[in-house]
Amino acid sequence: MFSGRTSSCPIILSIIRRAKSSENKCPRCILVPKQICSDKPAFAKVFCNQRFYSNHDREVLTKMAASAEADVRSPKHTNRLVDSKSPYLLQHAHNPVDWYPWGEEAFEKAQKEDKLIFLSVGYSTCHWCHVMERESFENEDIAKIMNEHFVNIKVDREERPDVDKVYMTFVQACSGSGGWPMSVFLKPDLKPVSGGTYYPPEDKYGRRGFKSELLKWVKEWKTNKAQWSKLGDSVTEVIRNATVFEVPMSENLISGVVPGAECWQLCMEQLSDHYEPTYGGFGLAPKFPQPGNLVFLFHAYARNPTDKKCSSLKDMGLHTLKMMARGGIHDHIAQGFARYSTDMKWHVPHFEKMLYDQAQLAVVYSTAYLITQDPLYQDVVKDILTYVGRDLSHKEGGFYSAEDADSLPTTKCKEKREGAFCVWTNQEICELLDRSVAANSSIKLAQLFSFYYNVKPSGNVDPSQDPHKELIGQNVLMIVKSEAQTAAQFGLDESTVRSELAIARQILYDERQKRPRPHLDDKILTSWNGLMISGYAKAGEALHNEEYIERAVRAAKFVKNYLYNSDTNTLLRSCYTAKDGSVAQISSPIEGFLDDYAFLIQGLLDLYESCLDAQWLEWAEQLQKRQDELFWDIGTAGYFSTPHQSDLILRLKEDQDGAEPGGNSVACQNLLRLGAMLDRAEYRDKASKLLASFTSRLNNVPISLPQLTSALMLHHDSPTLITITGKSDDTETAALLRVVRSRYIPGRVLLLADNNTSSIVYRSSETVQRMKPSEGHQSAYVCRHRTCSLPVHTPHDLAALLDTSSS
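Model, not experiment: these values are computed from the prediction.

Calculation notes
- Residues numbered from 1 in each chain as written.
- Predicted model: local features only at pLDDT ≥ 70, side-chain atom pairs only at ≥ 80, totals over all residues.
- Heavy atoms only, no water.
- Salt bridge = Lys/Arg side-chain N within 4 Å of Asp/Glu carboxyl O.
- Helix = DSSP H or I, 4+ residues; strand = E, 2+ residues; numbered from the N terminus.
- Buried < 20%, exposed > 50% of the residue type's maximum accessible area, 1.4 Å probe, protein only.
- Contact = heavy atoms within 4.5 Å.
- Pairing = 2+ DSSP bridges.
- Disulfide = S-S within 2.5 Å.
- Core = buried A, V, L, I, M, F, W, Y, C linked by side-chain atoms within 4.5 Å.

Describing the pattern of salt bridges
By the definition in use, this model includes 42 salt bridges. Between Glu-140 and Lys-76 there is a salt bridge, with its nearest N and O atoms 3.3 Å apart. Taken together, the residues span a long stretch of sequence, with Glu-140 in helix 8 (residues 140–149) and Lys-76 in the loop between helix 4 (55–72) and helix 5 (87–91) at a distance of 64 residues. The class for Glu-140 is partly exposed, based on a relative accessible area of 37%. Ionic pairing is found between Glu-113 and Lys-109, a salt bridge with its closest N-O pair at 2.8 Å. Of this pair, Glu-113 and Lys-109 both sit in helix 6 (residues 104–113), four residues apart, which is roughly one turn of that helix. Assessed through its relative accessible area of 22%, Lys-109 is described here as partly exposed. A cluster of three or more residues bridged by salt bridges with shared partners is formed by Lys-538, Glu-541, Asp-606, Glu-609, Arg-673, Arg-741 and Arg-748.

Observations regarding the side chain of Ser-86
Mapped onto the fold, Ser-86 is located in the loop between helix 4 and helix 5. Owing to a relative accessible area of 1%, Ser-86 belongs among the buried residues under this scheme. Apart from residues lying up to four places away in sequence, Ser-86 is in contact with Asp-156, Glu-159 and Tyr-576.

With respect to the sheet that holds strand 9 (residues 402–403)
Pairing in this open sheet of three strands is antiparallel, and the strands run 8-9-14 from one edge to the other. On the outer flanks of this sheet lie strand 8 (353–354) and strand 14 (520–521), each paired with one strand and no other. Alignment of strand 8 against strand 9, held across two bridges, turns out to be antiparallel. Bridge assignment links Met-354 to a residue of strand 9, and that residue is Ala-402.

Side note on the state of the cysteines
Applying the stated criterion across every chain yields a total of two disulfides. Note that Cys-126 is cross-linked by a disulfide to Cys-129, the S-S spacing being 2.4 Å. A torsion of 80° about the S-S bond marks the disulfide between Cys-126 and Cys-129 as right-handed. Taken as a pair, Cys-126 and Cys-129 share a single burial class, namely buried. Across the disulfide from Cys-783 sits Cys-788; the S-S distance is 2.0 Å. Around the S-S axis, the bridge from Cys-783 to Cys-788 shows a dihedral of about 105° and counts as right-handed.

Details of the sheet that holds strand 18 (residues 574–577)
Strands sit in the order 15-18-19 across an open sheet of three strands; the sheet is antiparallel. Unpaired on one side and paired on the other, strand 15 (524–525) and strand 19 (583–584) mark the two borders of the sheet. Inspection of the sheet shows strand 18 paired to strand 19 by two bridges, in the antiparallel sense. Counterpart to Thr-577 in the pairing with strand 19 is Val-583.

Focus on unusual backbone geometry
In this structure, the amide linkage connecting Trp-180 to the following residue, Pro-181, adopts the cis form with an omega of 5°. Position of Pro-181 among the secondary structure elements: in the loop between helix 9 (161–175) and strand 4 (182–186). Here the amide bond leading from Ala-285 into Pro-286 is cis, since omega sits at -5°, within 30 degrees of zero. As for its placement among the helices and strands, Pro-286 is situated in the loop between helix 13 (261–274) and helix 14 (291–303). We note that Leu-612 has phi near 60°; this positive angle belongs to a residue other than glycine. Here Leu-612 shows up in the loop between helix 24 (594–611) and helix 25 (614–631). Judged by its relative accessible area of 8%, Leu-612 is buried. Non-glycine residue Ser-718 carries a positive phi angle of around 70°.

A few points about the nonpolar core
Tyr-365, Tyr-608, Leu-617, Ile-724 and Leu-798 are the most contacted members of the largest nonpolar core, which has 168 residues in total. Setting aside anything within four residues of it in sequence, one finds Leu-798 in contact with Ile-724, Leu-736, Val-739, Val-740, Ala-780, Val-782 and Val-792. With 27 residues, the next largest nonpolar core counts Val-155, Val-235, Leu-648 and Leu-650 among its residues.

Now the structure itself:
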């Protein structure tokens, strides 16, 4: 960030001025006085060998500078959000709107003054949230109306997914769609009367403007209060009824009857009908990665790989992953994947990068690699984890939430643009890559690069994908030619093309680091960290990479240190990054929701199977017991999303696998795995009841719950339990483990019988206690479809057994 630029921070400027007049300069940077480099390590990072520090170090320094500058230039407005730690709420702390955080102070004010509540929900890397802030929430005239007539509440949806879910259900029921920013008008008792998403400030685009909407509700609340109060009550009741599960406890649940094969057969058909065969993915534009669909497709294929129909499911998944990897949704320069593509070709993305996408895609690309052994998928896994490890990682092991889509095009610009950090003009490419390729001096690297990545002189973005004219003349890199085609075009061999493209990408990466970076949401969420633990653990197994597994261990330790109360065996939802880079927490921490428990338990089970350290399995079971206490519905089964109603008007269950998997879907998989690992019948019984409670949904629209449908298949098949004897560093044991980890076996459960009788594995299962080496060699035991095979002792015999049992 500081390369070739002058900081505006008064503190840093004063340091520079003093340094320039000092003869006693630091020998490393030849600029800052020695004393400052030794006494002020944060500033030393700026000037001393700055290129060796991470992007987040620079982000922390930027915040320090901004904070110091803010002390000098006090903002015109400050509201209650200034005391928050959420990056999203802090973005609105200096709006002229008198914002309140979600809580009793705001509720009491609304009731005392009999005012409507305006609820605005978003997140810090949301492009349209930024737009509405600039247009409306920073508008003094609009803010005056809001402050006089409404109690205004701002919610970070990532901190409070429970609040978001209740009112998003209402908005979707009213309008048929939803999204962020979410804008909802509530009665003082928190029941909604109207809602939508983004409003322009004035009437335009055929939409009512935000000012008009505010004035409408000022009038309606004054003249028709009784009518709207009654409607709010009835609307809430409609939502309540719409979310009640249809299967009563007295029927399927008690008997444990769950839906059958017709559900996953229907899911296959529905996904096939929605599949777009040219570029992969499901539906047209916009296109989302939808990793839950891919998880289901690969699982359904692997159950019956010789079946032609199932093989086509595999091809759908692999083609989708290949086209995504080639597309502009994939950041070819700085790695990782953007949130979604605005077009059907995966070309022009919405440029924000979310941790949960990286986590889930790391898992499905690892699965694709196990199925095919194609190095393409391995390379993409490495690419994703390079990005996460470099740009979304806290120094103590946790993972940050997201990077913004918007950024300043240059340091002199005052207005951010979407994608500014990522796109390139043809002139930039020609100037930066103005060198000859090694094998032929007549060929410029820019020519080679432009042919491969579709760089055009006037830009390669379709104007229809650029409604705000922010990408005119810009190129979003997308692979349109293969390495073989590029080699043929320029008369080179493929290895030369590959190495020259790598050189070009590094040159562009170095150049991008000089641009103003997008905002980093350095909030740390338990649920998303759980998903990322799975991503690293699964990648570590598939790629036989111990560093990835160790990274997952560090993340699990971080969660246990900062997001877990061991006295109450309770998870917290979030923690935060302080200005100095340390971990911070709010005065009243938000307790975890179902997703936090389910996703972390899944991560811990994946972590145990990758490192075979039983402490993670033991913690997973402790959390499972707590999850059951807090969220299980003893009336109709399944898990509520929230532990109690608290300040919410409804207590809901997630019944959809969306951008993130549903909490019930992941919880069902966890129950089945724990039941097999620990020989616990009660977990299998609970999974049966959960599946039975979703009977209607699974029978009619399983495409809405592909990961729960995957759990349904696992329930009917039962997990494949593989137990290996010996210590993990024993040569024979390691060879057997490598065979297991080199194959994709859906529903596989892996245990290590290492004779540690104090571990939860031995305490829980008499069967494992009987599994020992035999005939002087370590053994592998495989149980599938509730039937166990005789133990085998060699990698060859184990491979033959696994390949036979999966065919």
